[in-house]
Amino acid sequence: MSKLVTIYGGSGFVGRYIARRMAKDGWRVRVAVRRPNEAIFVKPYGVVGQVEPILCNIRDDASVRAAMQGADAVVNCVGILAEAGKNTFDAVQADGADRVARLAAEAGISTMVHISAIGADADGDSMYQRTKALGEAAVLEHMPNAIILRPSIVFGHEDQFFNRFAGMTRMGPILPVVGAETRFQPVYVDDVAKAACLAVTGRAVPGVYELGGPDVNTFRDLMQHMLMVIRRRRLIVNIPFFAASIMGWSFDFAKTISFGLIPAMVTRDQVKNLRNDNVVGDGVKTFADLGITPVALEAVLPDYLWRFRPSGQYAGIKESAKNLRT
């Protein structure tokens, strides 16, 4: 019988790519998510019955234990960028990671892959950084041979980074950003999935890997490249950190008093994150140690950002027509 992997958060942005690759590799895939009815789209990743979404709440021991029953490996992809209700940074990124690793060890599962993030730091300024570090420490405490993947900002068709800012360009001539000079090393989502699959199948040495794409860019550079791809001209305005902190506090307060009905455009914790560069460090394991050549940003962005162009899918035809007229 084919081996079974349980992927916590397997219908999320990164998780779905891992699920697809594991299915293609012949594994049975159990996608453990809070809302399995909204994860039906993962089923066609394999043959009938090969990929199954199931109900799981990472905050509950019984739920997490049931999801990994009979599994040969587990992958934890659960993470948040902003707190919402009971899904706090501590509950999800620290306690949740600890719970998966602890129960996997108790179940005798020998293989675990944990998706963390570059910037995880127990002494970091933000709760996001600190809880990512706490989650890593908990995983290694229970599963010393686990493989931890720390990607930089991840891009791909379903991302909430380039899609979000490209959508903002439709609202006016100004594109506001926080931390315009902060550096990032964007990594393609399927490259992260490749790394995770190598780890699950035992083709990677245990340890911590920092995953970044081939290029390092400032936030401003990334926005300029995005604008070029979507054929729009916008003035990129950097919001100073002190002003962004006030904005973050205001949005957090509005979200709290509205019981979450008013979403926070930016949070204080996110502003703290944006003060730090998000690039691969020195002397760490990287894609090179996995034999993976990461895909460049410019090879992928046009494939999914074309819909934000003024003429959408017809932009290329219009440009060709202009050349004919001259």
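Each remark here, short or long, concerns the structure printed above.
Residues numbered from 1 in each chain as written. Predicted model: local features only at pLDDT ≥ 70, side-chain atom pairs only at ≥ 80, totals over all residues. Heavy atoms only, no water.

Let's shift gears to the pattern of salt bridges. Applying the stated criterion across every chain yields a total of 13 salt bridges. With a closest N to O distance of 2.5 Å, Arg99 and Asp61 form a salt bridge. In this pair, Arg99 is assigned in helix 3 (residues 89-106) and Asp61 in helix 2 (residues 61-67), connecting sequence segments 38 residues apart. The class for Asp61 is partly exposed, based on a relative accessible area of 25%. Of the charged contacts, one joins Arg183 and Asp277 as a salt bridge, the two residues approaching to 3.1 Å between their closest N and O atoms. Taken as a pair, Arg183 in strand 9 (residues 183-184) and Asp277 in the loop between helix 9 (268-273) and helix 10 (287-290) lie far apart in primary sequence, 94 residues in all. You can call Arg183 partly exposed: its relative accessible area is 36%. Each of Asp61, Asp98, Arg99 and Arg102 takes part in a single network of salt bridges with overlapping partners. (Salt bridge = Lys/Arg side-chain N within 4 Å of Asp/Glu carboxyl O. Helix = DSSP H or I, 4+ residues; strand = E, 2+ residues; numbered from the N terminus. Buried < 20%, exposed > 50% of the residue type's maximum accessible area, 1.4 Å probe, protein only.)

Further remarks concern the packing of helix 3 against helix 4 (residues 127-142). Relative to each other, helix 3 and helix 4 sit at 10°, their axes nearing to 8 Å. Relative to helix 4, the element helix 3 lies roughly parallel. Of the residues in helix 4, those touching helix 3 at Phe89, Asp90, Gln93, Ala94, Ala97, Asp98, Ala101, Arg102 and Ala105 are Met127, Tyr128, Thr131, Lys132, Leu134, Gly135, Ala138, Val139 and His142. Grouping the amino acids of the contact of helix 3 with helix 4 by side-chain chemistry returns 10 nonpolar, four polar and four charged. (Axes fitted to C-alpha atoms, helices over the stretch in contact; angles between N-to-C directions. Parallel < 35°, antiparallel > 145°, perpendicular 65-115°, else oblique. Contact = heavy atoms within 4.5 Å. Nonpolar A, V, L, I, M, F, W, Y, C, P; charged D, E, K, R; others polar.)

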